[in-house]
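Structural overview for review
The primary structure of each chain is shown beneath.
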Amino acid sequence: MPRPLRAHIHLAALRHNLARVRRAAPKARVLAVIKANGYGHGMLDVARALQDADGFAVLEIEEAKLLRAVGFRQDIVLLEGPFNGADLAGAERYRLSIVVHAREQLDMIESATRASKIDVFLKLNSGMNRLGFAPGYLRPALARLAACPNVGCITLMTHFANADVCAGVASQMACFQTLTEGLALPTSLANSAAVLRYPETHGDWIRPGLMLYGGSPFADTDSAALELRPAMTLQSEIIGLQQLQPGQRVGYGGCFEAVEAMRVAVVACGYGDGYPRHAPTGTPVRVEGQPSRLLGTVSMDMLCVDITHLPQAGVGSTVTLWGEGLPVEEVARCARTVNYELLCGLTQRVRLAASD
Ligand SMILES: *Cc1c(COP(=O)(O)O)cnc(C)c1O
């Protein structure tokens, strides 16, 4: 029998969150970001739930190929563009749009002979200093693309480093606007945080990821306050029980010591599943819907929780690690990471169970 650990994927929540995106940005087209296996939720199930999206954004040709193979006909954008000539050929074959963020990709496009035109998202580095043409190189890159018979529609794109924090988008917006002034081309700027907080960034194509999965991009605002619904509940069961006497310890390193008699439950979930090993004693969990807490060090396959106050709990009791009734943001905060990392960090051995 498989281990009782499941990531339940709530398809109705995904649809709700897409509707929330549309309410926030009614004029923009939605490029649903489904990279990293749909942020850990299962790319194809996510795409099916979000089939009303105007397009999908992924990283690799293989993801796009799979989407085409099962019948999606929307725009699909390769968020980092082609990594080599084969990707460019694949993009043409599967009718994908490509991000162009570097000179090497321009060279690639110019030297290719193509039967059809390829749509391009030309990326400006407006201050994040990750991908994109530096400000002085944007117009020359645009001129090269515009002169290239292989290129179809050109959308101007940038990505914000600080839309989720107080620094905000102002300086990057100013950079983008200055450089693209007078160009009658569509734009794509906003990630989830900008969709929610900065309507002036919406432009033609928004690129929400996290919020579609019900995650809050803001450290100071929970997803419920943003009217988002978590699309994943990570759940397992108690598979063992221990009775502790004062002075006895739990787990590797004996990091937790009982000061009184305790009942400890062993849960089938560990860092081998993507549960954060750095989650400390006290990190919230729910046992049969009741609040409880992690004890001691998370192991590869198991973790321990306190059920001293839950006499009815025993082997087979349901344990929620995050999701319904326990925001993933709370677990992320305890483990000193972010919801993004926990969601997309589920490992392959965690079974996904999608339903409405
Ligand atoms: C991942 C990604 C997004 C989505 O960001 P969220 O914060 O998850 O909304 C948008 N744009 C680009 C370029 C990305 O890589």
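Please refer to the structure placed before this passage.
Read on for a plain summary of the structure. (Residues numbered from 1 in each chain as written. Predicted model: local features only at pLDDT ≥ 70, side-chain atom pairs only at ≥ 80, totals over all residues. Heavy atoms only, no water.)

1. Here's the deal with the site of the ligand
Close contacts around the ligand come from 13 residues, with Lys35, Tyr39, Ser192, Leu210 and Tyr340 the closest. Residue Arg207 places a side-chain N or O atom 2.9 Å away from a nitrogen atom belonging to the ligand. Measuring from an oxygen atom of the ligand, one finds a side-chain N or O atom of Tyr340 at 2.6 Å. Protein burial of the ligand: of its 390 Å² of free accessible surface, 92% is covered by the chains. When its residues are assigned to classes, the shell around the ligand shows seven nonpolar, four polar and two charged. (Near = heavy atom within 4 Å. Polar contact = N/O pair within 3.5 Å; in protein donor to acceptor, adjacent residues only side chain to side chain. Areas by Shrake-Rupley, 256 points an atom, 1.4 Å probe, with all protein chains shown as cover. Nonpolar A, V, L, I, M, F, W, Y, C, P; charged D, E, K, R; others polar.)

2. Describing the packing of helix α6 (residues 103-111) against helix α7 (residues 135-146)
Orientation of α6 relative to α7, taken along the N-to-C sense of each, is 15°, at an axis distance of 10 Å. The angle between the axes of α6 and α7 places the two elements in the roughly parallel class. In this structure, the crossing between α6 and α7 has a hand that is left-handed. Facing Arg103, Leu106, Asp107, Ile109 and Glu110 of α6, the residues of α7 in contact are Ala141, Arg144 and Leu145. A per-class count over the contact of α6 with α7 returns four nonpolar, no polar and four charged. (Axes fitted to C-alpha atoms, helices over the stretch in contact; angles between N-to-C directions. Helix = DSSP H or I, 4+ residues; strand = E, 2+ residues; numbered from the N terminus. Parallel < 35°, antiparallel > 145°, perpendicular 65-115°, else oblique. Left-handed = near helix turned anticlockwise from the far one by under 90°. Contact = heavy atoms within 4.5 Å.)

3. Some points on the pairing of strand β17 (residues 318-322)
Among the five residues in β17, four count as buried, and that is most of the element. Relative to β17, strand β10 (residues 232-244) is paired through four bridges, and the arrangement is antiparallel. Residue pairing across strands places Glu237 opposite Thr318, the latter belonging to β17. Examined bridge by bridge, strand β14 (residues 284-287) and β17 share two bridges and lie antiparallel to one another. The residue of β17 that forms the bridge with Val287 is Val319. (Buried < 20%, exposed > 50% of the residue type's maximum accessible area, 1.4 Å probe, protein only. Pairing = 2+ DSSP bridges.)

4. Observations regarding the packing of α7 against helix α8 (residues 170-180)
Contact pair α7 / α8: the axes reach a minimum separation of 10 Å and the direction vectors enclose 40°. Considering only the axes of α7 and α8, their crossing is right-handed. Residues Pro135, Leu138 and Arg139 of α7 lie in contact with α8, whose contacting residues are Cys175, Leu179 and Thr180. Looking at the contact of α7 with α8 residue by residue, the class counts come to four nonpolar, one polar and one charged.

5. What to know about the nonpolar core
Counting residues in hydrophobic clusters, the biggest one holds 112 residues, and the most contacted among them are Leu122, Tyr275 and Trp322. When residues in this core are grouped by element, the largest group, five residues, is from helix α1 (residues 11-24). In this structure, Tyr275 is in contact with Cys269, Gly270, Thr283, Val285, Leu294, Val298, Leu303, Leu321, Trp322 and Val331, ignoring residues within four places of it in sequence. One finds Leu244, Phe256, Val264 and Leu295 within the second-largest nonpolar core, a separate group that totals nine residues. (Core = buried A, V, L, I, M, F, W, Y, C linked by side-chain atoms within 4.5 Å.)

6. Section: helix α4 (residues 61-69)
Within α4 the residues assigned to the buried category are Ile61, Glu63, Ala64, Leu67 and Arg68. One side of α4 holds all its buried residues, which, seen down the axis, span an arc of 160°. Summarising the contacts, the buried residues of α4 are in contact with α2 (35-39), α3 (43-49), β3 (55-58), β4 (75-78) and α5 (85-93). Count one or two residues on from α4 and you reach Gly71, which has phi positive near 110°. (Arc of directions from axis to C-beta.)

7. What to know about the pattern of salt bridges
Any two side chains of opposite charge can pair, on the condition that their charged atoms come close. A complete count under the given rule lists 14 salt bridges for this structure. For the salt bridge of Arg144 with Asp107, the shortest nitrogen-to-oxygen distance reads 2.7 Å. With Arg144 in helix α7 and Asp107 in helix α6, the pair connects residues that are 37 residues apart, well separated along the chain. The exposure class assigned to Arg144 is partly exposed, which follows from its relative accessible area of 27%. (Salt bridge = Lys/Arg side-chain N within 4 Å of Asp/Glu carboxyl O.)

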